[in-house]
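# Report on the structure
So the chains spell out like this:
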Amino acid sequence: MRVLITGMGGELGTRLAIQLGADPAVTAVFGLDIDPPRRRHPGEFHRVDPRDRDRTTALIRGFAPNVLVHLGVYEPYARSSPRSAAERTAVGTVAAVTAAVDAGHLDRIVVRSGIEIYGRRRGAPVHPDEEVRPDPTSPFGRQLLHVERVCNEAGLHVAAPVTSLRFAPLVGPHFPSPLGRYLRMPAVPFAGLADPPFSVLHQEDAAAALLAAVRRPFDGPVNVVGPGAVTASQSALLGRRVPVPTVVPGWWAARWFSELAGAPLPDHVLELLTRGRSADGSRAEERLGVRPTRSTPSVIRSLYAWDEVVVTTAPQVEAA
Amino acid sequence: MTVVEADLEALDPDLERDDLPALVYRRVTGRHQVDEWGLDRDLVAAVVPLARLRWSVRAEGDQHIPEIGPALLVHTRRLGISEPAAVGMAVRRVTGRPLRVAGVPSRGPLAWSGRRLGGVPSNVDDLRSLLRAGELVALGLGRELLHPYHAPPVPVPPVEVALALGVPILPVAVVGMEPARRWVVRVGQPLVTRRRAATGDPTELAEATRARLQRLLTGARRG
């Protein structure tokens, strides 16, 4: 099995590459991303901007993968600005999927999606399952819908199963996440009149779901969501932060303040804070054989248990 | 074996104290539980004594309310204000379980309090996820202001969901008058759907539920 991982430089891509490298059924792991992988891994990696379509296409055709794991889905303000994230995701998805199909050996696609795809329109279900039709209401949600559509079309073209893993917002120590950065601010603005609940997912559970999807292909979407929920004010209290009740005009100031504090607030996170975000992930075990082991409150606690960086001075060594 | 991280209190409700200092401690430290639909169990525990001052509920046939597993409770309404509270109090007293009430607004001032107390928007998708999660869900029928002892038609889509999931349907007649304090909740025999799931007709099942509700209401009128 020859596995191509787009977005391998991220936490999920690196973890997956290491795990696949230890799998005897996997003969080669090949990765692309704009950032280098976070740890040593047994695969081959090429640093390439997803917007560089020609280079992406040439590299993928040369590798000719059996399995495409498409993690090149860039969340606004996670590792890229919203504009770069949208461009990298859209151009990179089309380039990677087209090249993988053209290479002629593709028999499986696994794609990273998110529960932002369901949207939070008035009257939308609070806790949608996979039967609910996607109706995104944020730019990131629309990005995800485009990615799923491109991958599904490719899957139809080569008659390969496409597993769309719809992750809850990914949060955890050392994981670049706009929601994680926002909740770690000293004061956390929350929707004073609603304070709706939301669910999150730990990066290790997401990586386990990806590995399971590579090994056990399922054709269709699967919600992967940490059990339970928290509200923004509850989350702030768990982290001993100051919850600040905010109403509609106050969100303008909250966005400005959070950007100044180094935690810019993209539209889909603002939507989460004001309208909530959760999904029914009860079918993940039946479809993939795994289920998240960390509940949403425990993921939030681990976010605050992440120690601050301590700067130490190197010991003085006297020259001989 | 899958190991799930959780607080002991979340796994064993007997370990969770419901006295006022414990509720306040959990609230200020953020350790209270809010579920995916917005139910805040501590808030419900705090509101129950106040609800007992406002409503006095007598339950009949309450042995039919399941202690475990999901069920769809289809109940009658006159004005529709006290009925969900009366059914919720009866369910809590008999089983200790929270009742999820379908039909709270999805936005606006009532949405927050409604969802914290166990309400969910009236949405077939949410009904499906609640029943799959093993919850007891109350579905109020159309308001019968002038003919309180007449059972209105039961909507087919929720019955279809219950049938597809093999969830029992409980007919519940709620008898009382606003703003009086005393209410009677009559729970009928459940309509078992598990054996019918493959071949059942939801329209027929909805009509059977309505007929059972009508019998309960007629019995209440005579009694």
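Before going into details, it helps to say that this report is about the structure given with it. Just so we're clear, the structure is a prediction, and the values are computed from it rather than from any experiment.

## A short note on the overall build of chain B
Helix and strand counts for chain B come out as eight helices and seven strands. Projected onto the principal axes, the alpha-carbon positions of chain B cover approximately 50 × 45 × 35 Å. Burial statistics for chain B: of 223 residues in total, 39% are counted as buried. A sequence separation of at least 24 residues applies to 72% of the contacts in chain B between residues at least 6 apart.

## Some points on the nonpolar core
Ranked by internal contacts, the top residues of the largest apolar core, which has 135 residues, are Val69 of chain A together with Leu72 and Leu73 of chain B. For Val69 of chain A, the residues in contact, after removing those within four places along its chain, are Val3, Leu4, Ile5, Leu16, Val110, Leu210 and Val214 of chain A.

## Topic: the interface of chain B and chain A
Reports of interface size often rely on the accessible area that becomes lost once the parts have come together. Contact with chain B, which involves 27 residues of that partner, is made by 29 residues of chain A. Looking at the side of chain B that touches chain A, the elements that each hand over two or more residues are α2 (20-29), α5 (109-116) and α6 (124-132) of chain B. Broken down by element, the residue count for the side of chain B that touches chain A peaks at five residues, all from α6 of chain B. Partitioned by chemical class, the residues of the side of chain B that touches chain A number eleven nonpolar, eight polar and eight charged.

## Digging into the environment of Phe63 of chain A
Residues and elements named next belong to chain A. Within the fold, Phe63 resides in helix α2 (residues 53-63). Measuring from C-alpha to C-alpha, the distance between Phe63 and Ala100 comes to 8.8 Å, with 37 residues separating the pair along the chain. Once you skip the residues sitting within four places of it in the chain, Phe63 turns out to touch Arg2, Leu4 and Phe30.

## Concerning unusual backbone geometry
Generally, phi is negative for residues other than glycine and the peptide bonds are trans, each holding for most cases. Note that the residue after Glu178 of chain B, namely Pro179 of chain B, is joined by a cis bond; omega there is -5°. Considering the arrangement of structural elements, one finds Pro179 of chain B in the loop between β6 (169-176) and β7 (182-187). A positive phi is found at Tyr77 of chain A, a non-glycine position, where the angle reads about 65°. Along the chain, Tyr77 of chain A turns up in the loop between β4 (67-70) and α3 (82-103). For Asp195 of chain A, which is not glycine, the phi dihedral falls at a positive 45°. Note on placement: Asp195 of chain A falls in the loop between β7 (187-191) and β8 (197-198).

## Concerning the packing of α2 of chain B against helix α3 (residues 41-54) of chain B
Residues and elements named next belong to chain B. Contact geometry of α2 with α3 gives a least axis separation of 11 Å together with a crossing angle of 145°. As for the relative orientation of α2 and α3, their crossing is left-handed in sense. Across the interface between the two elements, Leu23, Arg26 and Arg27 of α2 pack against Asp42, Ala45 and Ala46 of α3. By residue class, the composition of the contact of α2 with α3 is three nonpolar, no polar and three charged.

## What to know about the packing of α2 of chain A against α3 of chain A
Residue and element names in this part refer to chain A. The N-to-C vectors of α2 and α3 enclose an angle of 30°; their axes lie 8 Å apart at closest approach. Between α2 and α3, the angle falls in the class roughly parallel. Crossing of α2 against α3: the hand is right-handed. Across the interface between the two elements, Arg53, Thr56, Thr57, Ile60 and Arg61 of α2 pack against Val91, Gly92, Ala95, Ala96, Ala99, Ala100, Asp102 and Ala103 of α3. Along the lines of polarity and charge, the residues of the contact of α2 with α3 split into seven nonpolar, three polar and three charged.

## A look at the environment of Ser177 of chain A
All names here are of chain A. By the secondary structure assignment, Ser177 is in the loop between β6 (162-167) and α5 (178-183). Using a count of 23 C-beta atoms within 10 Å as the deciding quantity, one classes Ser177 as buried. Among all residues touching Ser177, those that are not within four sequence positions of it are Ala78, Pro169, Leu170 and Val171.

## Concerning the pairing of β7 of chain B
All names here are of chain B. Inspection of the sheet shows strand β1 (residues 56-60) paired to β7 by five bridges, in the parallel sense. Bridging from a neighbouring strand, Val57 pairs with Trp183 of β7. Both β6 and β7 contribute to a ladder of five bridges, which runs antiparallel. Within β7, the position partnered with Gly176 by the bridge is Trp183. Counting the residues in the hairpin turn of β6 and β7 gives five residues.

## Let's talk about the sheet that holds strand β3 (residues 44-47) of chain A
All names here are of chain A. Strand order in the open sheet formed by seven strands is β3-β2-β1-β4-β5-β6-β9, and the pairing between neighbours is parallel. Each edge of the sheet is formed by a strand with only one pairing partner; in this case those strands are β3 and β9 (220-224). When strand polarity is set aside, the average angle formed by the axes of neighbouring strands in this sheet is 15°. Across six bridges, the pairing between strand β5 (residues 108-114) and β6 is parallel. For Gly114, the partnering residue across the bridge sits in β6 and is Phe167. The strands that α3 touches are β1 (2-6) and β4; relative to β4, the one it contacts most, it runs at about 175°.

## Focus on the sheet that holds strand β5 (residues 136-143) of chain B
All names here are of chain B. Spatially, the seven strands line up as an open sheet ordered β1-β7-β6-β2-β5-β3-β4, and their pairing is mixed. Both outer strands of the open sheet, β1 and β4 (119-120), are each paired with one neighbouring strand and no more. Relative to β5, strand β3 (residues 99-102) is paired through four bridges, and the arrangement is parallel. Looking at β5, one finds that Arg100 is bridged to Val137.

## Regarding α3 of chain A
Residue and element names in this part refer to chain A. Between its terminal C-alpha atoms α3 stretches 31 Å, which fits the 32 Å expected from 22 residues at 1.5 Å a residue. Of all the positions in α3, only Ala85, Arg88, Thr89, Gly92, Thr93, Ala95, Ala96, Val97, Ala99 and Ala100 are classed as buried. Buried residues along α3 sit against β1, α2, β4 and α4 (139-158). Downstream of α3 by a residue or two, Gly104 has a phi angle that is positive, lying close to 90°.

## Quick look at the pairing of β6 of chain B
All names here are of chain B. Counting buried positions over the eight residues of β6 gives eight, a clear majority of the element. Judged from the four bridges that link them, strand β2 (residues 71-77) and β6 form a sheet pairing that is parallel. Within the sheet, the bridge partner assigned to Val74 lies in β6 and is Pro171.

Thresholds, definitions, all that
- Residues numbered from 1 in each chain as written.
- Chains lettered and ligands numbered in written order.
- Predicted model: local features only at pLDDT ≥ 70, side-chain atom pairs only at ≥ 80, totals over all residues.
- Helix = DSSP H or I, 4+ residues; strand = E, 2+ residues; numbered from the N terminus.
- Buried ≥ 20, exposed ≤ 12 C-beta atoms within 10 Å, placed from the backbone.
- Contact = placed C-beta atoms within 7 Å.
- Core = buried A, V, L, I, M, F, W, Y, C linked by C-beta atoms within 7 Å.
- Nonpolar A, V, L, I, M, F, W, Y, C, P; charged D, E, K, R; others polar.
- Axes fitted to C-alpha atoms, helices over the stretch in contact; angles between N-to-C directions.
- Left-handed = near helix turned anticlockwise from the far one by under 90°.
- Parallel < 35°, antiparallel > 145°, perpendicular 65-115°, else oblique.
- Pairing = 2+ DSSP bridges.
- Expected span 1.5 Å × (residues − 1).

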